Amino acid sequence: MIGPHGSPGKLISSNAGFPVRISPNVLTVVIQALRQAWAEICADPATHLSPVTPGNPEEDRYTDALCEILLYYLDDPTCLIDGFTSDVFESVERGANLSNFDSSVINKQPDLVIRLANSPLVNTRRYVGIFAETKVVSQKKGLSNYTKQGVSRFVRGDYAWAMQDGLMIAYRKQPLRKVDSLERPLKSDPALLVRQENAKHLVQSGLPIPACGKSTHDRQWTYQAGGAPGEIRLWHLWAFDIP
């Protein structure tokens, strides 16, 4: 038995208030905090980034620095981002081992999880929050890593399977790739199960939060405890240009 009441995967269902929806206000605060942390990294990369070594993949160096700064913000009374406090957010974690939706794999490692400080079922807390996957993108490389090793993990129930929203963070490397280049791979890969909006696979205008784009995906699996998860909205953040 996992935890005092059993495995979270056996408790989470559509009848127990899942998947959880994150309000646009909370998502906006998180995005603002991420952008502020990135600005600090870019202003002084030598201080914030770990060294370039064979054991430090490029995207991990950036995500690790984001995690450290965001954790500091939570208890910093001078934090410039209103609302990004420990009253609202419980923790920030990088690369934590978590289960997928049916517990068939318990070592899934989302790049970044910002957990909410509210109190859902006690032993589902690790699965309630803002899950983010990060990728380095550039015109010199295709987007298959971003879609097949990033977006698809939300669709098949590896990440954010108790949630209705997730984040995709693109660290943009020269020559810079524009976010609208996502339209083609989102359209061409049927496994991504994208729901079109106004004949678009990637929505870039009229968004309720400061994201660069949004894609909406069906999820065709079911919870162990019953019910379907419904669609997931992925918010694409492409304002993280590598210094």
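Quick note: structure is the one above.
Residues numbered from 1 in each chain as written. Predicted model: local features only at pLDDT ≥ 70, side-chain atom pairs only at ≥ 80, totals over all residues. Heavy atoms only, no water.

Peer 1: How do you make sense of the overall build of the protein when you look at a structure like this?
Peer 2: A count of helical and extended segments in the protein gives five helices and seven strands. If you list the helices and strands of the protein from N to C, you get α-α-α-β-β-β-α-β-α-β-β-β. Against the 2.2 N^0.38 benchmark of 18 Å for 243 residues, the protein shows a C-alpha radius of gyration of 17 Å, consistent with a compact globule. Sorting the 243 residues of the protein into buried and exposed places 50% on the buried side. (Helix = DSSP H or I, 4+ residues; strand = E, 2+ residues; numbered from the N terminus. Rg over C-alpha atoms; globule rule 2.2 N^0.38 Å. Buried < 20%, exposed > 50% of the residue type's maximum accessible area, 1.4 Å probe, protein only.)

Peer 1: Would you mind showing me how to read the packing of aromatic side chains here?
Peer 2: For any pair of aromatic rings, the description consists of the separation of the ring centres together with the inter-plane angle of the planes. Following the criterion strictly, the structure yields 12 aromatic pairs and no others. On the basis of an interplanar angle of 20° and a centroid distance of 5.2 Å, the ring pair of tryptophan 38 and tyrosine 171 is categorised as stacked. Here tryptophan 38, found in helix H1 (residues 24-43), pairs with tyrosine 171, found in strand E4 (residues 165-172); they are 133 residues apart in sequence, far enough to count as distant. Note on tyrosine 171: relative accessible area 0%, which makes it buried. Joined through ring pairs, the aromatic side chains of Phe101, Tyr127, Trp161, Trp221 and Tyr223 make up one cluster. (Phe/Tyr/Trp six-rings, centres within 6.5 Å; stacked < 30°, edge-to-face > 60°.)

Peer 1: When you look at H1 in this model, what are you seeing that I'm missing?
Peer 2: Since there are 3.6 residues in each turn of an α-helix, residues three or four apart along the chain are aligned in direction. Relative to the 28 Å expected for 20 residues at 1.5 Å per residue, H1 spans 28 Å between its end C-alpha atoms, a close match to the ideal helical length. All of the buried residues along H1 are Leu27, Thr28, Val29, Val30, Ile31, Ala33, Leu34, Ala37, Trp38 and Ile41. (Expected span 1.5 Å × (residues − 1).)

Peer 1: Sorry, what's going on with the pairing of strand E3 (residues 129-137) here?
Peer 2: Side chains on a regular strand alternate between the two faces of the sheet. Buried residues dominate E3, accounting for nine of its nine residues. Bridge count for strand E2 (residues 112-116) against E3 is four bridges, and the pairing is antiparallel. Each residue of the ladder has a partner; that of isoleucine 114, found in E3, is isoleucine 130. Alignment of E3 against E4, held across six bridges, turns out to be parallel. Residue valine 137 lies in a different strand from E4, and its bridge partner there is arginine 172. Regarding topology, helix H4 (residues 144-155) serves as the crossover connection from E3 to the parallel E4, and that connection is right-handed. (Pairing = 2+ DSSP bridges. Right-handed = clockwise from strand over helix to strand, strands pointing away.)

Peer 1: Explain the nonpolar core here, please?
Peer 2: What tends to happen in soluble globular proteins is that the nonpolar side chains get buried as a cluster. Counting residues in hydrophobic clusters, the biggest one holds 74 residues, and the most contacted among them are Leu34, Leu70, Phe84, Phe89, Ile130, Tyr146 and Tyr171. Taken together, the elements giving at least two residues each to this core come down to H1, helix H3 (58-74), strand E1 (89-93), E2, E3, H4, E4 and strand E7 (232-241). Looking at this core, the element that brings in the most residues is H1, giving nine residues. Residues within four places of leucine 34 in sequence aside, it is in contact with Leu66, Leu70, Leu112, Leu167, Ile169, Leu237 and Phe240. (Core = buried A, V, L, I, M, F, W, Y, C linked by side-chain atoms within 4.5 Å. Contact = heavy atoms within 4.5 Å.)

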